[in-house]
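Residue strings, one per chain:
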Amino acid sequence: MFQPYLIAAVALAACLPAPAPAAAAPLYAGAGLGARHDARLYLGRRYESLQFRGGEAALSLEAIGYAGDAAWRALGLAYVGGYKFDALSLHVRLGAAYGGAARRRRPAALYGYGGAYALDADWSLHLDWDSVPGGAEREGLLTAGLSYRF
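The structure reproduced in this document is the subject of the present report. Since the structure is predicted, the reported quantities are computational estimates derived from the model, not experimental observations.

**So, the overall build of the protein**
Item 1. Looking only at helices and strands, the protein has one helix and nine strands in total.
Item 2. When the elements of the protein are put in sequence order from the N terminus, they spell out α-β-β-β-β-β-β-β-β-β.
Item 3. Look at the contacts in the protein between residues 6 or more apart in sequence, and 47% of them connect residues 24 or more apart.
Item 4. With the model as given, the accessible surface of the protein reaches about 8600 Å², and the carbon-plus-sulfur share is 68%.

Below is the structure:
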């Protein structure tokens, strides 16, 4: 049985046009660790950004995997929209995931927010909170980690 929020997330994603790739749009990968042996691994593709006086707005597409207690928890695909102010950036995430407890896996909405601090042109520190499918309920996952652009 699909949840109304999952249907809304899929409908929103279907309505969003695929952004045109930027001339030098980098791929990036990262990992984050949280309390209770939680982890988040992701691979993303950043698209053309819009320049503003105080920074730039960017859109990315990420494939994300969540793990906890020595087992995978969820796999997802999400749009990530962010705003970058020099070395600091803030972002929000919206997508769909498949996961949950071992015998109760199901599709569900994936959403979250976070921030990053660029150490240099390639490396960034991240702090993220994501809501992912859990056992019987959704679980909030707070992770701190590192990402690399290539």
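**Digging into the nonpolar core**
Item 1. Grouped together as the largest cluster of nonpolar side chains are ten residues: Tyr28, Tyr42, Ile64, Tyr66, Ala74, Ala78, Ala97, Leu110, Val132 and Leu141.
Item 2. Of all the elements in the fold, those that place two or more residues in this core are β4 (55–68) and β5 (71–85).
Item 3. The residues touching Ala78, leaving out its near neighbours within four places in the chain, are Ser60, Leu61, Glu62, Ile64, Arg93, Leu94, Gly95 and Leu110.

**Some points on the environment of Gly95**
Item 1. Secondary-structure assignment places Gly95 in strand β6 (residues 88–99).
Item 2. Counting along the chain gives 16 residues from Gly95 to Tyr79, while the straight-line C-alpha distance between them is 6.0 Å.

**Focus: the pattern of salt bridges**
Item 1. Under the counting rule described, the total for this entry stands at eight salt bridges.
Item 2. For Asp38, the salt bridge goes to Arg73, with nearest N and O atoms at 3.1 Å. Taken as a pair, Asp38 in strand β2 (residues 38–46) and Arg73 in strand β5 lie far apart in primary sequence, 35 residues in all.
Item 3. Measuring nitrogen to oxygen at the nearest pair gives 2.7 Å for the salt bridge that ties Arg93 to Asp130. Remark: Asp130 occurs in strand β8 (residues 123–133) and Arg93 occurs in strand β6; sequence separation between them is 37 residues.
Item 4. With a relative accessible area of 4%, Arg93 lands in the buried category.
Item 5. With relative accessibility at 1%, the residue Asp130 sits in the buried group.
Item 6. Beyond isolated ion pairs, a larger network of salt bridges with shared partners links Arg40, Glu62, Arg93, Asp128 and Asp130.

**Some words on the side chain of Ser131**
Item 1. Within the fold, Ser131 resides in strand β8.
Item 2. Owing to a relative accessible area of 4%, Ser131 belongs among the buried residues under this scheme.
Item 3. Discounting residues that sit within four places of it in the chain, Ser131 has contacts with Ala109, Leu110, Tyr111, Arg138 and Glu139.

**What to know about the pairing of β4**
Item 1. Relative to β4, β2 runs antiparallel, the two sharing nine bridges. Its bridge partner lying in β4, Asp38 is registered against Gly68.
Item 2. Where strand β3 (residues 50–52) lies against β4, three bridges are found, and the strand directions are antiparallel. Residue Leu50 lies in a different strand from β4, and its bridge partner there is Ala57.
Item 3. Taken together, β3 and the strand that follows it, β4, pair antiparallel across an intervening segment of two residues.

Analysis parameters
Residues numbered from 1 in each chain as written. Predicted model: local features only at pLDDT ≥ 70, side-chain atom pairs only at ≥ 80, totals over all residues. Heavy atoms only, no water. Helix = DSSP H or I, 4+ residues; strand = E, 2+ residues; numbered from the N terminus. Contact = heavy atoms within 4.5 Å. Areas by Shrake-Rupley, 256 points an atom, 1.4 Å probe, with all protein chains shown as cover. Core = buried A, V, L, I, M, F, W, Y, C linked by side-chain atoms within 4.5 Å. Buried < 20%, exposed > 50% of the residue type's maximum accessible area, 1.4 Å probe, protein only. Salt bridge = Lys/Arg side-chain N within 4 Å of Asp/Glu carboxyl O. Pairing = 2+ DSSP bridges.

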